[in-house]
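# Observations on the model geometry
Chain by chain, the residues run as shown.
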Amino acid sequence: MSIFGLRLKMNNANPDNLEIAPPDEISHEPIPFPVHSIKTRLQVQSKATESISSDPTEKNYTSTSDAFLQILRTEGLLGLYAGLPAALVGVASTNFAYFYWYSQLRTFYNSRSGHPPAGTLSTAAELLLGAGAGALATIFTIPVSVITTRQQTAIRAERDSLAGTARAIVAEDGIPGLWRGLKPSLVLCINPAITYGSFEKIKEFVLLQVGEKNLTALMAFYVGAMSKTLATVVTYPYIMAKVRLQWKPPKDMEGKVEKYTSAIDVLGGVLRTEGIVGWYKGMGAQITKAVLSQALLFMMKDIFTRYTILLYALARKLAATRAIKA
């Protein structure tokens, strides 16, 4: 079950055994959304886009804080939330698709391996099933990601509604245009596995150094932030490539900016023109968003857990009441 990016597992259907699994990478919460929006804009900027643009206000941002101030000055507060409706639709559809496919894959795995349905899977099996569910969910929900990216990176005069943006994409590139960036998105499904693996290794090292058996809440936050940062550094070039594939240059740049055909094409083109630093443009904002999301999850984890236990108890009570009436 998913609540704001948290995956809650009920081991053996016992509410006392609730376990918080690592949050998914592709959820966008409204609170850190402006940072995500800034990161996306930074990713599509280059020396070429600034020199080609005929609009003097379309200057490249020098940093996350500079982007924040420029967007506020030119577009107001709403500019920081461009694409939020599409992102919220994406959260709902992605979480639904993820847990639908996860349950299907888990049922299939249990039936083929003879594993008890209510049993606890190994870490390797959980990660494998999670990656598979993430890949299948991505295939079905990436159109929303494409629309969100278009809305976030469009200049204010050319920004359209969710439906209008979808129609424009189909008119320009056909139905396949809604699936631009699919391949790098599938590669990015390994991000949670990298995060989890690095978390366990860093946790072992920290516990060895402090001589404790368990992490405190603050230590867990820092270890989680470090593991998320490491996973971001490893996969960020593909995050950038996905965004550039989904991006559409403003009308005054049409025909003047190279149109990429694949993630490898993006990485090669950026390396030639901007160097390896170009692969990591906007990474500071990405890490800030990831750490902020992690902090919010830790702050609200207990609330979500209690809420889930309450819902579970209510569901059991209703089921028992129906069974008595029957």
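The rules behind these values
Residues numbered from 1 in each chain as written. Predicted model: local features only at pLDDT ≥ 70, side-chain atom pairs only at ≥ 80, totals over all residues. Heavy atoms only, no water. UniProt positions renumbered as here; feature names shortened; annotations may be inferred. Helix = DSSP H or I, 4+ residues; strand = E, 2+ residues; numbered from the N terminus. Core = buried A, V, L, I, M, F, W, Y, C linked by side-chain atoms within 4.5 Å. Buried < 20%, exposed > 50% of the residue type's maximum accessible area, 1.4 Å probe, protein only. Contact = heavy atoms within 4.5 Å. Salt bridge = Lys/Arg side-chain N within 4 Å of Asp/Glu carboxyl O.

You'll find the chain entered in an unreviewed UniProt entry as Mitochondrial carrier domain-containing protein, with Jimgerdemannia flammicorona given as the organism. UniProt's Subcellular location (unreviewed entry) comment on the chain is quoted here verbatim: "Membrane". Looking at the Sequence similarities (unreviewed entry) heading of the UniProt record, one finds this comment for the chain: "Belongs to the mitochondrial carrier (TC 2.A.29) family."

The sites that carry the UniProt feature "transmembrane region" (unreviewed entry) are, in the present numbering, residues 78–101 and 121–147. Strand forms 0% of residues 121–147 and helix 93%; the C-alpha atoms that close the span are 36 Å apart.

With 14 residues, the main nonpolar core has M240, V266 and V270 as its most contacted residues. Put simply, the parts of the chain that give this core at least two residues each are helix 9 (217–246), helix 10 (263–274) and helix 11 (283–325). Looking at this core element by element, the count peaks at five residues for helix 9. Among residues more than four places away in sequence, those in contact with M240 are Q43, V266, L267, V270, G278 and W279. One finds A97, Y102, L121 and L129 within the second-largest nonpolar core, a separate group that totals nine residues.

If you walk through the whole model with that rule in mind, you get nine salt bridges. Between R106 and E126 there is a salt bridge, with its nearest N and O atoms 3.5 Å apart. Here R106 is found in helix 4 (residues 84–113), whereas its partner E126 is found in helix 5 (residues 123–153), with 20 residues between them in sequence. With its nearest N and O atoms 2.8 Å apart, the salt bridge here joins E172 to K248. One end of the pair, E172, is in helix 6 (residues 162–173); the other, K248, is in the loop between helix 9 and helix 10, and 76 residues separate them in sequence.

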